[in-house]
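What the coordinates show
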Amino acid sequence: MDFLDEIEKSVPALRRYARALTRNADRADDLVQDCLERAINKRGLWTPTGTLQGWLFRILLNLWRNEARTQRRRGEHVPIDGLLVEPSVAAPQPGRIALAEMSRSIDKLPDEQREALLLVVLEGMSYEEASRVLQIPLGTLMSRLGRARAALRVLTGANDEPRLRSVK
């Protein structure tokens, strides 16, 4: 498969991950565009030792971290539409409420845990592939996932629910 064809095939997954990281469709699209531009310009740096998609995720993640670092230095930008008060009416669907609660809880995770969780859960990457993208040992990835899942149980109140135990 051609280099550009393989990049094109990876765009939907990159967009999903970027949207999960940024929580903003426009910023996510800009992030993906920057990632693709960098990948095409730096094509000569890609070595086929791993998947091209993994390399693209690595570029996207590095761009996201650089952007987050810069934004922390500058302070948060609040768009004027965000200042408008919306009526506080509960969503009628319980599933939507649970999804919104989970989304807010994921946002509260430390970046390193959120990045790992989203690669494995949202993108369906294997632990090995996610550890390569994040450039961390497999054990570190598993530890981050364990801490992220434990934090999500606490943040969503799932610790209070009874858990099924396997019978031996």
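Please refer to the structure higher up on the page.
The notes below deal with the structure included here. (Residues numbered from 1 in each chain as written. Predicted model: local features only at pLDDT ≥ 70, side-chain atom pairs only at ≥ 80, totals over all residues. Heavy atoms only, no water.)

1. Section: the overall build of the protein chain
- Per the secondary structure count, the protein chain includes 7 helices and 0 strands.
- Going from the N terminus to the C terminus, the protein chain shows its helices and strands as α-α-α-α-α-α-α.
- Burial statistics for the protein chain: of 168 residues in total, 31% are counted as buried.
- Residue pairs in contact within the protein chain that sit at least 24 positions apart in sequence constitute 65% of those at least 6 positions apart.
- Within the structure as shown, the protein chain displays about 11400 Å² of accessible surface, and the carbon and sulfur contribution to it stands at 53%. (Helix = DSSP H or I, 4+ residues; strand = E, 2+ residues; numbered from the N terminus. Buried < 20%, exposed > 50% of the residue type's maximum accessible area, 1.4 Å probe, protein only. Contact = heavy atoms within 4.5 Å. Areas by Shrake-Rupley, 256 points an atom, 1.4 Å probe, with all protein chains shown as cover.)

2. Quick notes on unusual backbone geometry
- Positive phi, close to 60°, is recorded for Arg 23, a residue that is not glycine.
- Relative to the helices and strands, Arg 23 resides in the loop between α1 (3-22) and α2 (25-41).
- Judged by its relative accessible area of 40%, Arg 23 is partly exposed.
- Here the phi dihedral of Gln 135 falls at roughly 55°; this positive angle occurs in a residue that is not glycine.
- Tracing the chain through its elements places Gln 135 in the loop between α6 (127-134) and α7 (138-156).
- On the accessibility criterion, Gln 135 (59% relative accessible area) is exposed.

3. Structural notes on the nonpolar core
- Judged by nonpolar contacts, the single largest core of 39 residues is most densely connected at Leu 14, Tyr 17, Leu 56, Phe 57, Leu 60 and Leu 119.
- The set of elements that each furnish at least two residues to this core consists of α1, α2, α3 (52-74), α5 (111-122), α6 and α7.
- Ranked by residue count, the leading element in this core is α3, at 9 residues.
- With residues up to four places along the chain from it excluded, the contact list for Leu 14 reads Val 32, Cys 35, Leu 36, Leu 56, Phe 57 and Leu 60. (Core = buried A, V, L, I, M, F, W, Y, C linked by side-chain atoms within 4.5 Å.)

4. A look at the packing of α6 against α7
- Close contact between α6 and α7 brings their axes to 9 Å; oriented N to C, the two are set at 100°. Taken together, the axes of α6 and α7 are roughly perpendicular relative to one another. Contacts from Tyr 127, Glu 128, Ala 130, Ser 131 and Leu 134 in α6 reach Leu 138, Leu 141, Met 142, Leu 145 and Arg 149 in α7.
- When the residues that make up the contact of α6 with α7 are grouped by side-chain class, the tally is 7 nonpolar, 1 polar and 2 charged. (Axes fitted to C-alpha atoms, helices over the stretch in contact; angles between N-to-C directions. Parallel < 35°, antiparallel > 145°, perpendicular 65-115°, else oblique. Nonpolar A, V, L, I, M, F, W, Y, C, P; charged D, E, K, R; others polar.)

5. Quick notes on α6
- What α6 keeps buried is the set Glu 129, Ala 130, Ser 131, Val 133 and Leu 134.
- Of the residues flanking the end of α6, it is Gln 135, one or two places downstream, whose phi is positive at about 55°.

6. A look at α7
- End to end, α7 covers 27 Å across 19 residues, agreeing with the expected 27 Å (1.5 Å per residue, within 8%).
- Residues Leu 141, Arg 144, Leu 145, Ala 148 and Leu 152 constitute the buried set of α7. For α7, the buried positions fall inside an angular range of 100° around the axis, keeping them on one side.
- At the C-terminal side of α7, Gly 157 shows a positive phi close to 80°. (Expected span 1.5 Å × (residues − 1). Arc of directions from axis to C-beta.)

7. Examining the environment of Arg 27
- Checked against the element boundaries, Arg 27 lands in helix α2.
- Put simply, Arg 27 and Trp 64 are 37 residues apart on the chain and 10.0 Å apart in space, counted from C-alpha to C-alpha.
- With near-sequence residues (within four places) excluded, Arg 27 lies in contact with Thr 22, Trp 64, Glu 67 and Gln 71.

8. Some words on a negative patch on the surface
- The grouping of Asp 26, Asp 30, Asp 34 and Glu 37 at the surface amounts to a negative patch.
- Along the chain, Asp 26 turns up in helix α2.
- What makes Asp 26 exposed here is its relative accessible area of 57%. (Patch = residues over 30% accessible without salt bridge, like charges linked within 9 Å, V, L, I, M, F, W, Y side chains within 5 Å. Salt bridge = Lys/Arg side-chain N within 4 Å of Asp/Glu carboxyl O. Lys, Arg positive; Asp, Glu negative; His and termini not counted. Charge placed at Lys NZ, Arg CZ, Asp CG, Glu CD.)

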